[in-house]
Amino acid sequence: MKKVAFHNLGCKVNSYELEIMQQSVQKHNYEIVDFSQKADIYIINTCSVTNIADRKSRQMLHRAKKQNPDAIVVAVGCYAQTDTQGALADEAIDIVVGNNNKAQIVDILEECGKWNQIKAKCPMIIRYVIYTLFIILIILFAGSADISMQSTQATANNLFSIWFLLELIPNL
């Protein structure tokens, strides 16, 4: 059974929504533990009403990752909604959930769990095959001198997609 710790920052609405998320998580066989304990998942219901609230939200998210670097840290709420790009760029945060998706927290956690199972089953040989194919593609496209502008753009888009996948591979 996965252990989930919650922490709330902000208003009464956040407190109410946190209770709903806790009930939902409990119904799906997650064990709720105190935030100070080691958990598999930390869900921080953030606030963004002031700069201080933003800072406290980031501090709690970082504290959660520090408590268990292997845990999944989830930023939900106003900070996640108002500074999505900043939250996505923060290495301490694994999942960003805006206010309008709080009710789907269990579905989001389940999808994350499925992805982690897939990653665990991914053999190293697949990584080497992908890297090799990427190098071959670069050599082929670099050697093509008479490419039209449209195919150049398509090639660049394809190479960007491959590069993006390769960025994910070290985390597999």
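Rules of the game
Residues numbered from 1 in each chain as written. Predicted model: local features only at pLDDT ≥ 70, side-chain atom pairs only at ≥ 80, totals over all residues. Heavy atoms only, no water. Pairing = 2+ DSSP bridges. Helix = DSSP H or I, 4+ residues; strand = E, 2+ residues; numbered from the N terminus. Axes fitted to C-alpha atoms, helices over the stretch in contact; angles between N-to-C directions. Contact = heavy atoms within 4.5 Å. Buried < 20%, exposed > 50% of the residue type's maximum accessible area, 1.4 Å probe, protein only. Polar contact = N/O pair within 3.5 Å; in protein donor to acceptor, adjacent residues only side chain to side chain. Salt bridge = Lys/Arg side-chain N within 4 Å of Asp/Glu carboxyl O. Lys, Arg positive; Asp, Glu negative; His and termini not counted. Phe/Tyr/Trp six-rings, centres within 6.5 Å; stacked < 30°, edge-to-face > 60°. Right-handed = clockwise from strand over helix to strand, strands pointing away.

### Remarks on the sheet that holds strand β1 (residues 3-8)
Then, in step 1: The 5 strands lie next to each other as β2-β1-β3-β4-β5, forming an open sheet whose pairing is parallel. Single-partner strands in this sheet number two, and they are β2 (31-33) and β5 (95-97). Across the sheet, the mean angle separating the axes of adjacent strands is 25° when strand polarity is ignored.
Then, in step 2: Against the sheet, helix α1 (residues 12-27) touches β1, β2, β3 (41-46) and β4 (72-77), its axis set at about 175° to β1.
Then, in step 3: The strands touched by helix α2 (residues 51-67) within the sheet are β1, β3 and β4, with β3 carrying the most contacts at an inclination of about 175°.

### Examining unusual backbone geometry
Then, in step 1: You will see that Asn-29, though not glycine, has its phi angle at about 65°, which is positive.
Then, in step 2: Along the chain, Asn-29 falls in the loop between α1 and β2.

### As for the environment of Asn-8
Then, in step 1: With respect to the helices and strands, Asn-8 occurs in strand β1.
Then, in step 2: On the basis of relative accessibility, which here comes to 22%, the residue Asn-8 falls in the partly exposed class.
Then, in step 3: Expressed as a C-alpha distance, the spacing of Asn-8 and Ile-43, which sit 35 residues apart in the sequence, is 8.6 Å.
Then, in step 4: Within the structure, Asn-8 has its side chain in polar contact with the side chain of Ser-15 (distance 3.1 Å).
Then, in step 5: A polar side-chain atom of Asn-8 sits 3.2 Å from a polar atom in the side chain of Asn-45.

### A look at the pattern of salt bridges
Then, in step 1: Per the counting criterion, the structure on display carries 2 salt bridges.
Then, in step 2: One salt bridge in this structure joins Glu-17 and Lys-102, with 2.4 Å as the shortest N-O distance. Taken together, the residues Glu-17 in helix α1 and Lys-102 in the loop between β5 and α5 (105-121) connect sequence positions 85 residues apart.
Then, in step 3: We classify Glu-17 as partly exposed; its relative accessible area is 24%.
Then, in step 4: Among the salt bridges present, the one from Asp-94 reaches Lys-65, with a minimum N-O distance of 2.7 Å. In this pair, Asp-94 is assigned in the loop between α4 (84-89) and β5 and Lys-65 in helix α2, connecting sequence segments 29 residues apart.

### Here we look at the side chain of Asp-90
Then, in step 1: Considering the arrangement of structural elements, one finds Asp-90 in the loop between α4 and β5.
Then, in step 2: Arg-58 provides the closest opposite charge to the buried, salt-bridge-free Asp-90, at an N-O distance of 6.1 Å.
Then, in step 3: At a separation of 2.8 Å, a polar atom in the side chain of Asp-90 contacts the side chain of His-62.

### Overview of the packing of aromatic side chains
Then, in step 1: With the rule as written, the count across this model stands at 1 aromatic pair.
Then, in step 2: Relative to Tyr-42, the ring of Phe-35 has its centre 5.4 Å away and its plane inclined at 75°; by these criteria the two rings are edge-to-face. In terms of burial, Phe-35 and Tyr-42 fall into one category: buried.

### Examining the pairing of β4
Then, in step 1: Within β4, 6 of the 6 residues are buried, which leaves it mostly tucked inside the rest of the structure.
Then, in step 2: Bridging between β3 and β4 involves 6 bridges; their strand directions are parallel. By the bridge assignment for β4, Ile-44 is matched with Ala-75.
Then, in step 3: Handedness of the crossover joining β3 and β4 through α2: right-handed.
Then, in step 4: Bridge analysis of β4 against β5 gives 3 bridges, and the strand direction is parallel. Along β5, the bridge assignment pairs Ala-75 with Val-96.

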